[in-house]
Structure formats: C-alpha cells, structure tokens
Amino acid sequence: MRHVGWIAGAAAAVLVAAGAITYAVAEDGGSSDTTTPSADSADAGFARDMAVHHQQAVEMSYIVRDRTKDVEVRRLAYDIAQTQANQRGMLLGWLDLWDLPKVSSDAPMTWMGMGDMASGKDGSLMPGMATNTEMKKLNTLSGKQAEIFYLQLMTDHHKGGIHMAEGCVEKCEVGVEKKLAQGMVDAQQSEIKLMADMLKARGAKARD
C-alpha cells in the first residue's frame, strides 16, 4: 500500500506540472504580440509529431523494465517513461488549448520541410523510431540482451528526437514550447552520453 501511495503521489505531481505549464502556454499564447498557432504551424506540427515519438519511447521503456532486473537500466527506463509521458501530456494539452486536431493528413515532419523523409515503413513513422519488428524483438529478449538492445534503440530514438526538438527551437513561435524543446535537446544529449557508457560496460556500442 505504501508503494501504491508513492506512485499515486508521483502521478499527481506529474498532473500538477502539466497543468502549470499548460497554463503558462495559455498566458504566452494570450499575450498581445502572440497569436494562437495554426494547424499547419511548426508549433502544432511539433506537438503532434513529438507526442507520437514520445509514446514509443514510453512503450520501449516499460517493455525493458519487464525484461531485466538490472537496477541501472530499470531506473533509466523509468525516468525516460515518466519524463516523456509527462511531456506528451503537455504537448497534447497544448493542442487542446489551441483547439487544434491531434492528427494531420500531412506526413510527419512536414512542418520541418521534411515530410518526404519518413516512409512509415514497418511502423517507423519518424527518424529514430523503432520499427514494429524491432519492438517485437525487444519483447522477446531478456537480461543483458534486452538491456543492450533497449539502449541501442533508445539512443537512435533520442537522436531522432533531438533533431525534431532542434527544429522546434528554430521554427516554433510559442515561447514556452521552444523552452520545452530546448530542454528535450539538453536532457536527451545527456542521456545519450549516459547510454554510451552503459553500453560500453556491457561490451556493446550504439548502432551506426
């Protein structure tokens, strides 16, 4: 029961944080020199695409937590899952706030001028995303093999996410969204370095 209470408290904290930053967007978006983003804006495109990108990272992280008992990997996976689930909630919340659709008929990354890059082949909708085959493979591995494959997949995932976040830093107009995007860049670059060390400790390295 004590564990359940801790989880509930953590979930409540996430909701409070999401609510606070959504309110900040409302304030930012409501200022005299800022207009609500349009459906085809970089702000909306980034929010839609990164929400999808983050969802897969959350899924991968929960898979590996069930496939290994390694404390270091489980802690990293938990941190990534919680952080990206929280950020995903913010992104979708902003779309609601702006009264914009959460899906688009445009190809992913069109807002970056790169709508022709991601083919969606085998479920990989955007750069860095794992394929359906890779996700299934992760579900079949355990122990050290699962740890290595997860770290490799997440390294690729972070690299793709950083590229998208840097695009928002350059193109987005809502101040607090640009700040979130820059925070993603900084945090995920740090995690890539951490994962490189974790892979090295397991006699492996990131994929080329």
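Residues numbered from 1 in each chain as written. Predicted model: local features only at pLDDT ≥ 70, side-chain atom pairs only at ≥ 80, totals over all residues. Heavy atoms only, no water.

- The protein is annotated in an unreviewed UniProt entry as DUF305 domain-containing protein of Streptomyces sp. R35.

1. Some words on the overall build of the protein
Thought 1: Assigned secondary structure in the protein consists of six helices and zero strands.
Thought 2: Ordered by position in the sequence, the α and β elements of the protein form the string α-α-α-α-α-α.
Thought 3: With 208 residues in all, the protein has 45% of them scored as buried.
Thought 4: Restricting to contacts in the protein with at least 6 residues of sequence separation, those with at least 24 account for 75%. (Helix = DSSP H or I, 4+ residues; strand = E, 2+ residues; numbered from the N terminus. Buried < 20%, exposed > 50% of the residue type's maximum accessible area, 1.4 Å probe, protein only. Contact = heavy atoms within 4.5 Å.)

2. As for the packing of helix H2 (residues 42-67) against helix H5 (residues 143-171)
Between two packed helices, what matters for the description is the angle formed by their axes and the separation of those axes.
Thought 1: Orientation of H2 relative to H5, taken along the N-to-C sense of each, is 170°, at an axis distance of 10 Å. Our classification of the angle between H2 and H5 gives roughly antiparallel. As for how H2 packs across H5, the hand of that crossing is left-handed. Along its contact with H2, which presents Ala42, Phe46, Asp49, Met50, His53, Gln56, Ala57, Met60, Ser61, Val64 and Arg67, the element H5 presents Gly143, Ala146, Tyr150, Leu153, Met154, His157, Gly160, Gly161, Met164, Ala165, Cys168 and Lys171.
Thought 2: Residues of the contact of H2 with H5, tallied by class, amount to 13 nonpolar, seven polar and three charged. (Axes fitted to C-alpha atoms, helices over the stretch in contact; angles between N-to-C directions. Parallel < 35°, antiparallel > 145°, perpendicular 65-115°, else oblique. Left-handed = near helix turned anticlockwise from the far one by under 90°. Nonpolar A, V, L, I, M, F, W, Y, C, P; charged D, E, K, R; others polar.)

3. Some points on the state of the cysteines
Thought 1: Summed over the entire model, instances satisfying the criterion amount to one disulfide.
Thought 2: The disulfide partner of Cys168 is Cys172, and the S-S distance across this bridge is 2.2 Å. Between Cys168 and Cys172 the sulfur-sulfur dihedral comes to about -120°; the bridge is accordingly left-handed.
Thought 3: Owing to a relative accessible area of 0%, Cys168 belongs among the buried residues under this scheme.
Thought 4: Assessed through its relative accessible area of 4%, Cys172 is described here as buried. (Disulfide = S-S within 2.5 Å.)

4. With respect to the side chain of Arg48
Thought 1: Turning to its location among the elements, Arg48 is positioned in helix H2.
Thought 2: Despite being buried, Arg48 has no salt bridge partner; Asp49 is the closest side chain of opposite charge, sitting 5.4 Å away.
Thought 3: Among the polar contacts listed, one links the side chain of Arg48 to the backbone oxygen of Ala39, at a separation of 2.9 Å.
Thought 4: Among residues more than four places away in sequence, those in contact with Arg48 are Ala39, Leu95, Pro101, Lys102, Val103 and Ser104. (Lys, Arg positive; Asp, Glu negative; His and termini not counted. Salt bridge = Lys/Arg side-chain N within 4 Å of Asp/Glu carboxyl O. Polar contact = N/O pair within 3.5 Å; in protein donor to acceptor, adjacent residues only side chain to side chain.)

5. Considering the pattern of salt bridges
Thought 1: Counted by the stated rule, this structure contains six salt bridges.
Thought 2: One salt bridge connects Asp96 with Lys102, and the closest N-O pair in it is separated by 2.4 Å.
Thought 3: For Asp96, a relative accessible area of 49% puts it in the partly exposed group.
Thought 4: Connected through salt bridges with shared partners, the residues Asp70, Glu72, Glu147 and Arg202 form a single ionic network.

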